[in-house]
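Summary of the model geometry
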Amino acid sequence: RTLDVFNVGEYGGVHAARDVEKVREKVFTRTSLDVCSEAFDPAAAAARLARETSTVAVAVMNQGVSPGTGNIIKNEALHRARVAPDRKVGDLSEDEVKAVVRELRSYARAWLQGRRPPFLVYDKAACGDCGGTVSVSKGAATAGRVTFHCAA
């Protein structure tokens, strides 16, 4: 693996990074966690997510935990994994963590490939699966992002 590393300075100047090995490791680690990357490693992503102590909504929006995950992907993937966004990651089973990672990856990749799945809960009043009421929340448990969830 090779990577030429440069920093863009505050005024647009480019200079070699001071700690090239640290930057390389960060880039390659993020690549293996990035839900859109060809080099995505589901086991590494699940292990990284499982170490979080926050709610699952906050954890998956953290780009150091799940790079490439945006708000729509978060909402739809958590719904498809059947995991409530306000649950603490530490309370999830191993299977639930794997399901979250699988659904994040699946939704993001489909969208990236030009075939975004339909919204089932995002910006919906009724759930696209069951027709139940979709609740909307925003606050610390959801990283301050609008979050849609069907509790049915």
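In what follows, the accompanying structure is described.

Conventions and cut-offs
- Residues numbered from 1 in each chain as written.
- Predicted model: local features only at pLDDT ≥ 70, side-chain atom pairs only at ≥ 80, totals over all residues.
- Heavy atoms only, no water.
- Helix = DSSP H or I, 4+ residues; strand = E, 2+ residues; numbered from the N terminus.
- Buried < 20%, exposed > 50% of the residue type's maximum accessible area, 1.4 Å probe, protein only.
- Contact = heavy atoms within 4.5 Å.
- Axes fitted to C-alpha atoms, helices over the stretch in contact; angles between N-to-C directions.
- Parallel < 35°, antiparallel > 145°, perpendicular 65-115°, else oblique.
- Left-handed = near helix turned anticlockwise from the far one by under 90°.
- Core = buried A, V, L, I, M, F, W, Y, C linked by side-chain atoms within 4.5 Å.
- Phe/Tyr/Trp six-rings, centres within 6.5 Å; stacked < 30°, edge-to-face > 60°.

Let us now look at the overall build of the protein chain. Scanning the protein chain for helices and strands turns up 5 helices and 4 strands. Each helix and strand of the protein chain, ordered N terminal to C terminal, gives the series β-β-α-α-α-α-α-β-β. Buried residues in the protein chain amount to 38% of all 152 residues. The contacts of the protein chain with a sequence gap of at least 6 include a subset with a gap of at least 24, amounting to 56%.

Our next topic: the packing of helix H4 (residues 71-81) against helix H5 (residues 94-112). To characterise two packed helices, one gives the angle between the axes of the helices and the distance between these axes. Closest axis-to-axis distance for the H4/H5 pair is 8 Å, and the angle between their directions is 130°. Judged on the interaxial angle alone, H5 and H4 are oblique. The hand of the H4/H5 crossing is right-handed. Here Ile 72, Ile 73, Lys 74, Glu 76, Ala 77, Leu 78, Arg 80 and Ala 81 of H4 lie close against H5, whose contacting residues are Ala 99, Val 100, Glu 103, Leu 104, Tyr 107, Ala 108 and Trp 111.

If you look at the biggest cluster of nonpolar residues, it comprises 24 residues, and the most contacted ones within it are Leu 49, Val 56, Val 60, Val 83, Val 100, Val 101 and Leu 104. Looking at this core, the elements that each hand over two or more residues are helix H2 (42-50), helix H3 (56-61), H4 and H5. Examining the composition of this core, we find that 7 residues originate from one element, H5, more than from any other. The residues contacting Val 56, other than those within four sequence positions of it, are Leu 78, Val 83, Ala 84, Pro 85, Arg 87, Val 89, Leu 92 and Val 100. Judged by nonpolar contacts, the second largest core, of 5 residues, contains Val 121, Val 134, Phe 148 and Cys 150.

Geometry of an aromatic ring pair is reported as the spacing of the ring centres plus the angle between the planes. In this structure the tally under the stated criterion is 3 aromatic pairs. On the numbers, 6.1 Å between centres and 85° between planes, the contact of Tyr 107 with Trp 111 is edge-to-face. Of this pair, Tyr 107 and Trp 111 both sit in helix H5, 4 residues apart, which is roughly one turn of that helix. Geometrically, the ring pair formed by Tyr 122 and Phe 148 is edge-to-face, given 5.1 Å between the ring centres and 70° between the ring planes.

None of this, on its own, says anything about what the molecule does.
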